[in-house]
Amino acid sequence: MKSNRLASIDIIRALTMLLMIFVNDLWSLTEIPEWLEHKAADVDGMGLADVVFPAFLFIVGLSIPHALKARIKKGESKPKVLLHILSRTVALVVMGLFMVNMESIDDGQMIVSKPFWQILMALAFVLIWNNYRNPKVWNTIPTVVMKLAGWSILLFLAVIYQSASGDWMLIHWWGILGLIGWAYLLCAVLYIWIGDSILAISSACIVLVFMNVNEFLHLGGVDFTLVVSASNHASVMLGVWVTVMYSYMIKKGKSTYLVPVLLGLSGVLLAFGFLTRPEWGISKILATPSWTTICAGITTLVFVILFVLTDQKGMTAWSKPIAAAGYSTLTCYLIPYFVYPILTLVGWDLPDMFTTGTLGLVKSILFAVLVIQITAWIDRFQIRLKI
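Note that the structure is a prediction, hence the values are computed from the model and not measured.

### Things to note about the overall build of the protein chain
- Helix and strand content of the protein chain: 15 helices and 0 strands.
- Its C-alpha radius of gyration of 21 Å places the protein chain within 12% of the 21 Å reference for a compact globule of 387 residues.
- The dimensions of the protein chain, computed from C-alpha atoms along their principal axes, are 60 × 50 × 45 Å.
- When each of the 387 residues of the protein chain is scored for burial, the buried share is 51%.
- A separation of at least 24 residues holds for 78% of the contacts in the protein chain among residues at least 6 apart in sequence.
- Of the roughly 18500 Å² of accessible surface on the protein chain, a fraction of 67% belongs to carbon and sulfur atoms.
- One finds the centroid of the 26 positive side-chain charges in the protein chain at a distance of 21 Å from the centroid of its 21 negative side-chain charges.

Pasting the structure below:
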């Protein structure tokens with residue numbers, strides 16, 4: 001606990017990314033348990049897949065105070081930090097919009113097939129947002145050339161884009177990365193403004209959860225939505241609250257109270273979620289407050305368990321096989337966007353027995369692990385997206 005960097009944050013991020021790749025691969029399977037998959041909008045309940053995205057939002061919040069304070073400690077001014085926050089948001093929103101529109105591509109109307117379009121899109125992201133800071137590796141081609149090449153590819157893809165409906169690229173929704181970007185923007189700016197004040201951070205959490213509630217109550221006829229739903233922002237801010245509480249407890253020499261306090265937070269969130277379930281139901285698609293708080297409560301509980309195991313007891317060796325998903329997360333998320341279209345182009349299909357039932361689930365788990373190992377391997381060549 002002497003280090004300011006919590007191993008539990010990287011590990012919970014790695015575990016969540018492992019689960020994200022796994023559940024994102026479930027589309028390729030048949031005859032699997034329903035509790036693993038997303039629930040429909042009109043179903044009161046949630047599967048494992050419905051917990052992963054809000055968990056990742058919560059983890060984004062866990063990282064915000066550490067990341068922004070590190071920049072300030074290096075001497076960056078607040079305006080420069082705010083510019084960094086804005087640039088990260090733009091990057092996530094751009095990637096999200098391209099990924100969303102990829103789903104509506106009509107191969108027959110474009111000069112390249114959908115798989116090639118997807119590979120070029122992913123390649124452009126790497127060229128634009130790769131970390132080129134190691135001069136021993138990236139010293140032959142100027143960074144600006146790489147980035148310009150990436151933006152040129154994106155421009156080309158946008159120009160040739162055609163959807164099945166005949167429309168150009170639209171904001172159908174913001175995509176996973178786009179939603180993360182908008183939630184990150186609000187919560188990071190709020191944190192820069194209010195700092196480590198427990199009272200202010202707590203108030204922000206309450207306000208955001210209330211805004212999520214009001215999306216269903218419409219009190220006073222007010223119908224105001226924060227980029228899709230305040231649910232996303234509340235999930236991130238609750239993660240910020242946990243890290244700020246950790247810093248407060250360490251500073252005051254009350255670290256022994258941290259676990260009970262976080263368990264209390266988890267209990268409150270779970271209780272609120274289940275008590276309000278009869279009113280709104282649990283639904284990821286509708287972003288109900290019950291879903292928001294239950295997922296945050298679950299993620300808080302998992303974080304507490306990992307915090308005790310890793311930061312307090314030093315049990316981190318077990319996480320090494322998936323570590324790359326924790327420190328090179330965006331790269332890891334992007335790998336399947338190369339793998340799937342390449343498999344489509346070469347016409348490689350697994351026998352049905354490996355995409356059905358238990359064997360299919362084993363295949364998807366192994367695929368998620370393989371993606372993480374690929375991430376670790378290419379990281380050796382200084383290929384790591386950083387925004």
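Back to the text.
### Observations concerning the side chain of E215
- Residue position: E215 is located in helix α7 (residues 198–217).
- Apart from residues no more than four positions distant in its own chain, E215 is found in contact with F224, T225, S229, A230, S231 and A287.

### Overview of the environment of T300
- With respect to the element layout, T300 can be found in helix α11 (residues 289–312).
- The class for T300 is buried, based on a relative accessible area of 0%.
- For the pair T300 and G195, spaced 105 residues apart in the sequence, the C-alpha separation amounts to 21 Å.
- The contacts of T300, once residues within four sequence positions are left out, are F58, L262, L265, S266 and L269.

### Things to note about the pattern of salt bridges
- Throughout the structure, instances matching the rule amount to 6 salt bridges.
- The residue R71 makes a salt bridge to E76 at a minimum N-O spacing of 2.8 Å.
- Here R384 makes a salt bridge to D379, at a shortest N to O gap of 2.7 Å.

### Brief notes about the nonpolar core
- I64, F98, W117 and F125 are the most contacted members of the largest nonpolar core, which totals 117 residues.
- A per-element tally of this core places helix α8 (residues 230–251) first, with 12 residues.
- When neighbours within four sequence positions are excluded, F125 is seen to be in contact with M95, F98, M99, N130, L154, L334 and L385.

### Description of the state of the cysteines
- With the rule as written, the count across this model stands at 0 disulfides.
- Cysteine C295 shares no disulfide, and the gap to the nearest cysteine sulfur, in C205, comes to 16 Å.
- Note on C295: relative accessible area 0%, which makes it buried.

### Observations concerning the packing of helix α4 (residues 114–129) against helix α14 (residues 336–346)
- Close contact between α4 and α14 brings their axes to 9 Å; oriented N to C, the two are set at 155°. Viewed along their axes, α4 and α14 adopt a mutual orientation that is roughly antiparallel. Where α4 crosses over α14, the handedness of that crossing is left-handed. For the pair formed by α4 and α14, the contact residues are P115, F116, Q118, I119, M121, A122, L123 and V126 on the first element and P336, Y337, F338, P341, I342, T344 and L345 on the second.
- Here the residues of the contact of α4 with α14 are counted per class, giving 13 nonpolar, 2 polar and no charged.

### Comments concerning unusual backbone geometry
- Positive phi, close to 55°, is recorded for E31, a residue that is not glycine.
- In this fold, E31 is placed in the loop between α1 (7–24) and α2 (49–73).
- Accessibility expressed as a relative area gives 67% for E31, which makes it exposed.
- Despite not being glycine, Q382 shows a phi value in the positive range, around 60°.
- Within the secondary structure layout, Q382 lies in the segment after α15 (357–379).

### A short note on a nonpolar patch on the surface
- The grouping of F116, I342, L345, V346 and W348 at the surface amounts to a nonpolar patch, some 500 Å² of accessible area in total.
- Counting residues per element, the nonpolar patch draws most heavily on α14, at 3 residues.
- When you line up the elements, I342 lands in helix α14.
- Relative accessible area serves as the criterion here: at 41%, I342 is assigned to the partly exposed category.

### Quick look at the packing of aromatic side chains
- Evaluation of the coordinates by the stated rule reveals 13 aromatic pairs.
- Ring geometry for F98 and W117: centres 6.1 Å apart, planes at 25°, overall stacked. Here the residue F98 occupies a position in helix α3 (residues 78–102), and W117 occupies one in helix α4, the gap between them amounting to 19 residues. Considered together, F98 and W117 belong to a single accessibility category, that of buried residues.
- The interplanar angle of 75° and the centroid separation of 6.1 Å between the aromatic rings of Y246 and F307 together place this pair among those described as edge-to-face. Within this pair, whereas Y246 is found in helix α8, its partner F307 is found in helix α11, the two being separated by 61 residues in sequence.
- Looking at R88, its charged tip hangs above the ring of Y184, at a distance of 4.9 Å from the centre.

Scoring rules and cut-offs
- Residues numbered from 1 in each chain as written.
- Predicted model: local features only at pLDDT ≥ 70, side-chain atom pairs only at ≥ 80, totals over all residues.
- Heavy atoms only, no water.
- Helix = DSSP H or I, 4+ residues; strand = E, 2+ residues; numbered from the N terminus.
- Rg over C-alpha atoms; globule rule 2.2 N^0.38 Å.
- Buried < 20%, exposed > 50% of the residue type's maximum accessible area, 1.4 Å probe, protein only.
- Contact = heavy atoms within 4.5 Å.
- Areas by Shrake-Rupley, 256 points an atom, 1.4 Å probe, with all protein chains shown as cover.
- Lys, Arg positive; Asp, Glu negative; His and termini not counted.
- Charge placed at Lys NZ, Arg CZ, Asp CG, Glu CD.
- Salt bridge = Lys/Arg side-chain N within 4 Å of Asp/Glu carboxyl O.
- Core = buried A, V, L, I, M, F, W, Y, C linked by side-chain atoms within 4.5 Å.
- Disulfide = S-S within 2.5 Å.
- Axes fitted to C-alpha atoms, helices over the stretch in contact; angles between N-to-C directions.
- Parallel < 35°, antiparallel > 145°, perpendicular 65-115°, else oblique.
- Left-handed = near helix turned anticlockwise from the far one by under 90°.
- Nonpolar A, V, L, I, M, F, W, Y, C, P; charged D, E, K, R; others polar.
- Patch = residues over 30% accessible without salt bridge, like charges linked within 9 Å, V, L, I, M, F, W, Y side chains within 5 Å.
- Phe/Tyr/Trp six-rings, centres within 6.5 Å; stacked < 30°, edge-to-face > 60°.
- Lys NZ or Arg CZ within 6 Å of the ring centre and 35° of its normal.

Keep in mind that these numbers describe shape and distance, not what the molecule does.
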